[in-house]
Amino acid sequence: RAAAIVEQRFGSEPDDLVALKLLAEATRSSDPARSRACWERAHRIAPGDPEPMFFLGDFCRASGDVARAIELFEQALALAPDHPALLTNLGLALETNGDLPAAERCHARALEKSPDDPRAIANLAQVYSAQGRFALAEEQWRAASAAEPHAKPCWRGLADELLGQG
């Protein structure tokens, strides 16, 4: 319904940046290919806007193009260096790419900017675990579980960490 409203107002191929962003978000679940196309168009229209880079990076990471995702996240961070979600997503892409020290730095910076974000805490715990730094991983999983008591992934991560050490 939201996509139809945007299309009615701006057409199916809008050149308006705000309309493209709205259409991209409105079609994210129902038509991911169309959403990605809207973000690509938004990026061409406004190459200095970090938001299209962020969402394109997400699409690239999800589709396995991790190198392109890293490139987009780094470009976006050059424009918005303190953006916790960008730092987190870059960290996830770097982790996927096997660069655990760089992933750790990104997740630690994300936590500096957003200290109570259970996702950032959990991501740092995952990196610590992958590095074999189990005591630090356990500490982070406990913090993530405390920050988000109803989040099953946090408790599952803590349980996996404790079982893995036993």
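Above this text sits the structure in question.
Residues numbered from 1 in each chain as written. Predicted model: local features only at pLDDT ≥ 70, side-chain atom pairs only at ≥ 80, totals over all residues. Heavy atoms only, no water.

Enquirer: Can you walk me through the overall build of the protein chain in this structure?
Expert: Each helix and strand counted, the protein chain has 10 helices and 0 strands in total. Traced from its N-terminal end to its C-terminal end, the protein chain shows the element sequence α-α-α-α-α-α-α-α-α-α. Oriented by its inertia axes, the alpha-carbon framework of the protein chain measures out at about 60 × 30 × 25 Å. In the protein chain, buried positions account for 43% of the 166 residues. If you sum the accessible surface of the protein chain, you get close to 8700 Å²; carbon and sulfur atoms cover 53% of it. Positive and negative side-chain charges in the protein chain, numbering 18 and 25 respectively, have mean positions lying 3 Å apart. (Helix = DSSP H or I, 4+ residues; strand = E, 2+ residues; numbered from the N terminus. Buried < 20%, exposed > 50% of the residue type's maximum accessible area, 1.4 Å probe, protein only. Areas by Shrake-Rupley, 256 points an atom, 1.4 Å probe, with all protein chains shown as cover. Lys, Arg positive; Asp, Glu negative; His and termini not counted. Charge placed at Lys NZ, Arg CZ, Asp CG, Glu CD.)

Enquirer: Explain the pattern of salt bridges to me, please; I cannot follow it from the model alone.
Expert: Working definition: two side chains of opposite charge can pair if their charged atoms are close together. Applying the stated criterion across every chain yields a total of 9 salt bridges. Two residues, R36 and E40, come together in a salt bridge whose shortest N-O distance is 3.1 Å. Separated by 4 residues within a single helix, R36 and E40 lie in helix 3 (residues 32-45), roughly one turn from each other. R36 gets classed as partly exposed once you look at its relative accessible area, which sits at 25%. On the basis of relative accessible area, E40 is assigned to the partly exposed category, the value being 31%. For the salt bridge of D82 with K113, the shortest nitrogen-to-oxygen distance reads 3.4 Å. One end of the pair, D82, is in the loop between helix 5 (66-79) and helix 6 (84-96); the other, K113, is in helix 7 (residues 100-113), with 31 residues separating them in the sequence. The class for K113 is partly exposed, based on a relative accessible area of 38%. Where salt bridges share partners, they join K21, D49 and E51 into one cluster. (Salt bridge = Lys/Arg side-chain N within 4 Å of Asp/Glu carboxyl O.)

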